Amino acid sequence: MRIVFVTCPPEAGGKLLRSLVEERLVAGGNVLPGVRSIYRWREQICDEPEEVLLMETAPDRVAALMVRIEQLHPYEVPKIVCLSPDETLPAYLAWVRAETR
């Protein structure tokens, strides 16, 4: 299983996550509102509200998922970080695999 971490503008995360679930690119995920991001972009320091998406997918769906996030995401360069958990409940892993087929 892979956990995919994405940031997006406030109120955009739910729509993005729903699309990805409908397309079976992710089994599910969480929208964490109320995040504050501070970063440098085009020689400016930005301080912006954002949402975080934490989504679960199968390893063989990551490449297609990244392409689709880039297509749907409003940012020019979205943050897409893929993490590999060391341990996962086997039943949960089976659910993720089944839901991304």
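In the block above lies the structure referred to throughout.
This write-up is about the structure you can find in this document. (Residues numbered from 1 in each chain as written. Predicted model: local features only at pLDDT ≥ 70, side-chain atom pairs only at ≥ 80, totals over all residues. Heavy atoms only, no water.)

### Quick look at the pattern of salt bridges
Note the following rule: Think of a salt bridge as a Lys or Arg side-chain nitrogen and an Asp or Glu carboxyl oxygen that are within 4 Å of each other. What counts as a helix is a DSSP run of H or I of at least four residues, what counts as a strand is a run of E of at least two, and both are numbered from the N terminus. Note on classification: 1.4 Å probe, protein chains only; a residue is buried when its accessible area is under 20% of the maximum for its type, exposed when over 50%, partly exposed between these limits.
Summed over all chains, the structure comprises five salt bridges. When the shortest N-O distance is used, the salt bridge between Arg 24 and Glu 99 registers 3.5 Å. Of this pair, Arg 24 sits in the loop between α1 (13-22) and β2 (28-41) while Glu 99 is found in helix α3 (residues 90-99), placing the two residues 75 residues apart along the sequence. The exposure class of Arg 24 is partly exposed, given its relative accessible area of 35%. With relative accessibility at 29%, the residue Glu 99 sits in the partly exposed group. Linking Arg 42 and Glu 76 is a salt bridge whose minimum nitrogen-to-oxygen distance equals 2.5 Å. With Arg 42 in the loop between β2 and β3 (44-57) and Glu 76 in the loop between α2 (62-72) and β4 (80-83), this pair connects stretches of sequence that are 34 residues apart.

### Thoughts on the environment of Arg 2
Worth spelling out the cut-off: Contacts: residue pairs with any heavy atoms within 4.5 Å of one another. Contacts described as polar in this section are N or O atom pairs within 3.5 Å, which, within protein, must combine one atom able to donate a hydrogen with one able to accept it, while residues neighboring in sequence count only if both atoms come from side chains.
Considering the arrangement of structural elements, one finds Arg 2 in strand β1 (residues 2-8). Given the relative accessible area of 25%, Arg 2 is considered partly exposed. For the pair formed by Arg 2 and Val 21, sequence separation is 19 residues and the distance between their alpha carbons is 15 Å. Excluding residues that lie within four positions of it along the chain, Arg 2 makes contacts with Met 55, Glu 56, Thr 57, Pro 59, Val 62, Cys 82, Leu 83, Ser 84 and Pro 85. Only 3.2 Å separates the side chain of Arg 2 from the side chain of Ser 84, close enough to count as a polar contact.

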